[in-house]
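Geometric and topological summary
Listed below are the residues making up each chain.
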Number of protein chains: 2
Amino acid sequence: MKFGIIGTGDVAGAIATKLVTLGHEVNMGARSTNNEKAKEWSKLNGALASQGTFKDAASFGDIIFNCTGGAVSLDALEMAGSENLSGKVLVDIANPLVRGEYLSLVPSLSNTTSLGEEIQKKFSDTKVVKTLNTMHYSLMVEPSLLKEKHDVFVCSDHEDAKEKVKEILNWFGWEAPVDLGKLPNARYTEMLSTVWRPVFQLTHDPIFAFKIVRN
Amino acid sequence: MKFGIIGTGDVAGAIATKLVTLGHEVNMGARSTNNEKAKEWSKLNGALASQGTFKDAASFGDIIFNCTGGAVSLDALEMAGSENLSGKVLVDIANPLVRGEYLSLVPSLSNTTSLGEEIQKKFSDTKVVKTLNTMHYSLMVEPSLLKEKHDVFVCSDHEDAKEKVKEILNWFGWEAPVDLGKLPNARYTEMLSTVWRPVFQLTHDPIFAFKIVRN
C-alpha cells in the first residue's frame, strides 16, 4: 500500500519509518521542497522511502497521515490540496494545542468542535479517522514498549475507513483499538491529549499511556 | 472530623454516606430548606447525619465537598457564603459540563482556566483541592469495585490541604493518588471527564475508570 505522510517531525518520522519497515511505500511531505529532515529520512530508509512537498505526499498516498502540528493542520492540508486528498482515508493524529506555561486548545478547534471535525468539514470528499493522538510517538508504532496493555482510541464518520485504520493499528501492535464511534468524539480524545503534559511533568518519562480499566 | 456536603445528588449521597460510615459527622446541604433528598438521606444515616441549606453545610463542616453541578457551582458556593468557607478546605469534585447530544465544557470555566481555579479565585481564603472528578460516583468511595488498579488525580495550590485530602482519599480506598501539582492542572482533569461519556456509550457499564500505565 502507498502512504503519504504530511509533516516531518517526530510523529511523522515514527509513522513513516514503521510503515516502511512493514514493507510499504511511503512519501514524507514537507512544507517546502528540499526539506532537510525529509531528505535525511528518505536517504536512511531505502528504496520504499521517498520525499517531497505536502502536495507530493498527498498525491502519492492511498492513505494519508496528518502528522503536522494541530494548530496549523488545516493550512498544511490546504497546501496538500483537496484534489490530492479526495476519496482517500486521512488518519488525523494531530492535536490543536497552544503551548505556554499551561497547555490549551485552539478555541475554534475545540470543545464544541474538534480539529478532526474541522478537517472533515473542509475536505468533505476525504474520510477522516482520528486516532493515535493520546500517547508519545514511540508508543504509537510500538505499544509493547509498555508491558501492560493500554488503549488507543479511534473515531470516524466513515465505517469503512475506520475499519481500514483499525487494521493498520493492528499492524502497529494495537490488538483492540477502542472504537469511540463518530468523529465528534475526537473532541474528547483531543481534550484527553492535554492531560499528557502534567503527567509527564510528574513521571519525567514519556513512555506512559492512558488505559480504560473495566471489569 | 466534621464535613459539609454542598449538593444532594448521587455524588453528594455517595460521599456523604461514605463519610458517615467512616464515623464522621456530616451535614448535607441543599439549595433550599426542607429538601426531600437531603431529609431522606439524613433520616437513613443515623445520628452522625444532618441536613440543611448550602449555608448550613458550609458552616457545619471543617472540610467541605462541592458536589453540585459544575455549571452552577460558583452560584451554589456563593449561596453557601464565603464567610462559611473561609480558612477551610474545599474538595471540588464538579465538572463544568454542558449537556447535549455531545458534551462540552462551559467556555468561561475551561481551556485557559477551570472550575477549580475560578472557585479558588472567588473564594481566596478557602483552600481548593480538585479531585475525584473523573469517575462514576460509586468508584469515588469504593475504587475496589474495579479489580484492577486505576487512578484518581489531585491538584491544589495549597500543599497542606492537598495532603489532608490525600488522606481522605486513602480512607476511601485510594492507595496512591496521582499528584498533578498545582490547581491549574484541574483544566486537564476537567477535560478528561468529558471522555467518560463516549466510553460509557461503548461499555454500557458506568463502572470503568482511567489509569496511567507506566513501566
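Use the structure listed above.
Okay, so let's go over this structure. Being a predicted model, the structure only gives us computed values, none of them experimental. (Residues numbered from 1 in each chain as written. Chains lettered and ligands numbered in written order. Predicted model: local features only at pLDDT ≥ 70, side-chain atom pairs only at ≥ 80, totals over all residues. Heavy atoms only, no water.)

Residue and element names in this part refer to chain A. Sheet architecture is open: eight strands sit in the order β3-β2-β1-β4-β5-β8-β9-β10, paired in mixed fashion. The open sheet has two edge strands, β3 (49-53) and β10 (178-179), and neither has a second partner. Against the sheet, helix α4 (residues 73-80) makes contact with β1 (2-6), β4 (63-66) and β5 (89-92), and its axis sits at roughly 130 degrees relative to β1, the strand it touches most. (Pairing = 2+ DSSP bridges. Helix = DSSP H or I, 4+ residues; strand = E, 2+ residues; numbered from the N terminus. Contact = heavy atoms within 4.5 Å. Axes fitted to C-alpha atoms, helices over the stretch in contact; angles between N-to-C directions.)

This part is about helix α10 (residues 196-203) of chain A. Listed as buried for α10 of chain A are Trp 196, Pro 198, Val 199 and Thr 203 of chain A. Taken together, the buried residues of α10 of chain A touch α9 (186-193) and β11 (208-214) of chain A together with α9 (186-193) and β11 (208-214) of chain B. Backbone geometry just after α10 of chain A places His 204 of chain A at a positive phi near 55 degrees. (Buried < 20%, exposed > 50% of the residue type's maximum accessible area, 1.4 Å probe, protein only.)

This next bit is on the packing of aromatic side chains. Going through the model one piece at a time under the given rule, you end up with 10 aromatic pairs over all chains. Both rings, one in Phe 3 of chain A and one in Phe 65 of chain A, keep their centres 6.1 Å apart while their planes meet at 50 degrees; by these two values the pair is tilted. With Phe 3 of chain A in strand β1 and Phe 65 of chain A in strand β4, this residue pair connects regions lying 62 residues apart in the sequence. Like Phe 3 of chain A, the residue Phe 65 of chain A is buried in the burial classification. Between Trp 196 of chain B and Phe 208 of chain B, the ring centres sit 5.0 Å apart and the planes meet at 25 degrees, which makes this aromatic pair stacked. Here the residue Trp 196 of chain B occupies a position in helix α10 (residues 196-203), and Phe 208 of chain B occupies one in strand β11, the gap between them amounting to 12 residues. (Phe/Tyr/Trp six-rings, centres within 6.5 Å; stacked < 30°, edge-to-face > 60°.)

Attention now moves to the relation of the copies chain A and chain B. Mapping chain A onto chain B calls for a screw motion: a turn of 180 degrees about the axis and a shift of 0.0 Å along it, with 0.0 Å RMSD after fitting. As the rotation angle and translation indicate, the two copies are arranged about a two-fold axis. Here 100% of the interface residues in chain A have copies in chain B that are interface residues too; the copies meet face to matching face. (Least-squares fit on C-alpha atoms with pLDDT ≥ 70 in both.)

With 39 residues of chain A in contact, the opposing surface of chain B contributes 39 residues. Across the chain A to chain B interface the summed buried area is about 3,500 Å²; carbon plus sulfur atoms make up 61%. If you sort the residues of chain A by the area they bury against chain B, Tyr 102, Tyr 188 and Val 213 of chain A come out on top, with a joint share of 20%. In this assembly, chain A and chain B are joined by two salt bridges. One salt bridge in this structure joins Lys 211 of chain B and Glu 148 of chain A, with 2.6 Å as the shortest N-O distance. Taken together, chain A and chain B are joined by 13 residue pairs in polar contact (both at pLDDT 80 or more). (Buried area = accessible area lost by both parts, 1.4 Å probe. Salt bridge = Lys/Arg side-chain N within 4 Å of Asp/Glu carboxyl O. Polar contact = N/O pair within 3.5 Å; in protein donor to acceptor, adjacent residues only side chain to side chain.)

Below, the discussion takes up the side chain of Thr 189 of chain B. Within the element layout of this structure, Thr 189 of chain B appears in helix α9. Sequence-distant contacts of Thr 189 of chain B, defined by excluding residues within four places in its chain, comprise Asn 95, Lys 130, Asn 133, Thr 134, Phe 153 and Leu 180 of chain B.

All right, on to the pattern of salt bridges then. Residue and element names in this part refer to chain A. A full pass over the atoms with the stated rule returns 32 salt bridges over all chains. Glu 190 is paired through a salt bridge with Lys 130; the nearest N and O atoms lie 2.6 Å apart. Within this pair, whereas Glu 190 is found in helix α9, its partner Lys 130 is found in strand β8 (residues 127-131), the two being separated by 60 residues in sequence. We classify Glu 190 as buried; its relative accessible area is 2%. Between Lys 149 and Glu 175 there is a salt bridge, with the nearest N and O atoms lying 3.9 Å from each other. Of the two residues, Lys 149 sits in the loop between α7 (137-140) and β9 (153-156) while Glu 175 sits in the loop between α8 (159-172) and β10, which places them 26 residues apart along the sequence. By relative accessible area, which is 53% here, Lys 149 ends up exposed.

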